[in-house]
Amino acid sequence: MTTANLYIGIMSGTSLDGIDVCLVDVQAKRFEVLATHFLAYPATIKTPLLTLHTPSHNELEQTQLVANQLAKLYAEAVNGLLEKQQLQPAQIIAIGCHGQTIRHKPIVNHDVGFTLQIGNAALLAELTQITVVSDFRSRDIAAGGQGAPLVPAFHQAKFSHPKKSRAIINIGGIANITYLPKGLDHQSSVLGFDSGPGNMLIDAWTKQHLHQDYDADGAWARTGKVNDALLQHMLGDPYLAAPPPKSTGRDLFNDDWLKQQLLNINLSPQDVARSLTAFTANTIADALINFCPQVDEVYLCGGGARNSLLVSELRHKLPNILIEPTDTLGVGVDWVEAAAFAWLAHQTMEHLPGNLPAVTGAKGQRILGAIYQA
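K.L.:
Would you mind going over the sheet that holds strand β1 (residues 6-11) with me for this structure?
P.N.:
In a beta sheet, neighbouring strands are held together by backbone hydrogen bonds and run either parallel or antiparallel to one another. Judged by pairing direction, the sheet is mixed, and its 6 strands sit side by side in the order β3-β2-β1-β4-β7-β13 without closing on themselves. Strand pairing shows two members of the sheet lacking a second neighbour, β3 (31-40) and β13 (370-372), which therefore form its edges. Each strand of the sheet is rotated relative to its neighbour by a mean of 20 degrees, with strand direction disregarded. Strands in contact with helix α3 (residues 121-128) are β1, β4 (94-97), β7 (132-134) and β13; relative to β7, the strand with the most contacts, it is inclined by about 160 degrees. Sheet strands touched by helix α12 (residues 336-349): β1, β2 (18-26), β3, β4, β7 and β13. Its angle to β1, the strand with the most contacts, is close to 130 degrees.

Okay, structure coming up:
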């Protein structure tokens, strides 16, 4: 019997809904998700995290204090998973912790930029007594890359098919696409990039008007109508037409961006919600059509995969392509990114590269991450 090779992945994305934790067994020719756990963010952490996305008074100190709070929440989530599975920390080789992105500017003034994911990995290692791998993106940026997206390397390892060209689309706060051509024989064939906003603008608008964290199953948006003028205006953002490699986040698509789009447009809140849902579907579909030469199958993950209105919009825009959740490939829609960072931690611990230069634009493959030993 093969000895288990256990890793834990932690992901908390731009949606700010909470912490996904995934226990995986990584073998040379097999990757299996064994267990999952979710810990919702308390309201007390969401506001400080949103505030840190823009310059503010005393932000350096606030960043470190919030990072400590996050580490405690990450540890609570990990320990909750271990308790459910009756595992001891010594049985886990490492935790791959993405951290919470608060700034992502890979290029600044045509030179090397930076990315910042907080979560105090040293404190997380102390609280869990498990080795932690974190800060995956900085090494890729140092090598001239975007530092994102990083999950395509995992998608390639787990989801590529010899006879089908596939796209794996994560619809989190930001939507990102991995294109896996059939008959994949070299990594330069893979594409991976952020297509634009996923749930982020829809969630923010829903929070503003309904005081709910998200529009469950697109129910509120269904009561509105798409406003074509608003939709076309939003689709004119230069980021959407830029070719890969590219990545984005709250630095671009935020509340201020949406306010600018809504200037001089008088619509009901539900019409805006419906238009934002159409916007996300259009940006994903357009990106597939414009940048991915041939797609036979699309597999969705992330919170947006549970929004049937958004999924129906995608099916309408892409009528000849199979569109299914990643559950059919063995990884649930809520757990793909957490599983990816468990896999990335394994790559780091085994001294193997974790990036795809064709995806991020880096000068070459690099071993990613900083290691905090238990």
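Text resumes after the structure shown.
K.L.:
Sorry, what's going on with the nonpolar core here?
P.N.:
Inside soluble globular proteins, nonpolar side chains tend to come together where they are buried. Grouped together as the largest cluster of nonpolar side chains are 59 residues, with contacts concentrated most on Ile169, Leu288, Val298 and Leu300. Ranked by residues supplied to this core, first place goes to α12 with 9 residues. For Val298, the residues in contact, after removing those within four places along its chain, are Ala167, Ile169, Leu288, Ile321, Leu322, Ile323 and Glu324. The next biggest cluster of nonpolar side chains, apart from the first, holds 34 residues, and it includes Ala35, Tyr41, Ala67 and Leu82.

K.L.:
I'm lost on the layout of surface pockets in this one. Help?
P.N.:
Approximately 280 Å³ is the volume attributed to the second largest pocket. In terms of lining residues, the second largest pocket is bounded by 18 residues, among which Gln117, Ile118, Gly119, Asn120 and Ala121 are the most central. Where the lining of the second largest pocket is concerned, the elements lending two or more residues are α2 (59-85), β6 (111-118), α3 and β13. The biggest single contributor to the lining of the second largest pocket is β6, with 4 residues.

K.L.:
Is there a simple way to explain the sheet that holds strand β12 (residues 322-325) in this structure?
P.N.:
In space, the 5 strands of this open sheet follow the order β10-β9-β8-β11-β12, with mixed pairing throughout. Strands at the two margins of the open sheet, each flanked by one partner only, are β10 (191-197) and β12. The mean angle between the axes of side-by-side strands here comes to 20 degrees, regardless of whether they run parallel or antiparallel. The strands that helix α10 (residues 269-291) touches are β8 (166-171), β9 (174-180), β10 and β11 (297-301); relative to β10, the one it contacts most, it runs at about 155 degrees.

K.L.:
So what exactly am I meant to see when it comes to the environment of His104 here?
P.N.:
Along the polypeptide, His104 turns up in strand β5 (residues 100-108). Each C-alpha atom, one on His104 and one on Tyr372, is 23 Å from the other, the two residues being 268 residues apart in sequence. Residues in contact with His104, not counting those within four places in the same chain, are Phe114, Thr115, Ile141, Gln146, Gly147, Ala148, Ser247 and Asp251. Reaching out from His104, the side chain makes a polar contact with the backbone oxygen of Gln146 at a distance of 3.2 Å.

K.L.:
Just to check I follow, could you spell out unusual backbone geometry for this structure?
P.N.:
Excluding glycine, a negative phi dihedral is what most residues carry, and trans is how most peptide bonds are arranged. Following Ala148, the chain continues to Pro149 via a peptide bond in cis, the omega torsion being -10 degrees. Tracing the backbone shows Pro149 in the loop between α4 (137-142) and α5 (151-159). Looking along the chain, the bond that leaves Pro244 and enters Pro245 is cis, with omega of 5 degrees. Structurally, Pro245 is set in the loop between α8 (238-241) and α9 (255-262). Phi at Asn264 is positive, roughly 65 degrees, even though this residue is not glycine. Looking at the secondary structure, you find Asn264 in the loop between α9 and α10.

K.L.:
Is there a simple way to explain the environment of Tyr372 in this structure?
P.N.:
As for its placement among the helices and strands, Tyr372 is situated in strand β13. Look at Tyr372 and you get partly exposed, because its relative accessible area is 35%. For the pair Tyr372 and Pro238, spaced 134 residues apart in sequence, the C-alpha separation works out to 40 Å. Leaving out residues up to four positions away in the same chain, Tyr372 has contacts with Ala121, Ala122, Ala125, Ile130, Thr131, Val132 and Ser134.

Rules and cut-offs
- Residues numbered from 1 in each chain as written.
- Predicted model: local features only at pLDDT ≥ 70, side-chain atom pairs only at ≥ 80, totals over all residues.
- Heavy atoms only, no water.
- Pairing = 2+ DSSP bridges.
- Helix = DSSP H or I, 4+ residues; strand = E, 2+ residues; numbered from the N terminus.
- Axes fitted to C-alpha atoms, helices over the stretch in contact; angles between N-to-C directions.
- Contact = heavy atoms within 4.5 Å.
- Core = buried A, V, L, I, M, F, W, Y, C linked by side-chain atoms within 4.5 Å.
- Buried < 20%, exposed > 50% of the residue type's maximum accessible area, 1.4 Å probe, protein only.
- 1 Å grid on protein atoms, 1.4 Å probe; cavity = no way out; pocket = protein on both sides within 12 Å on 5 of 7 lines; lining within 4 Å.
- Points joined across faces, edges and corners; volume = space filled by probe spheres on them.
- Polar contact = N/O pair within 3.5 Å; in protein donor to acceptor, adjacent residues only side chain to side chain.

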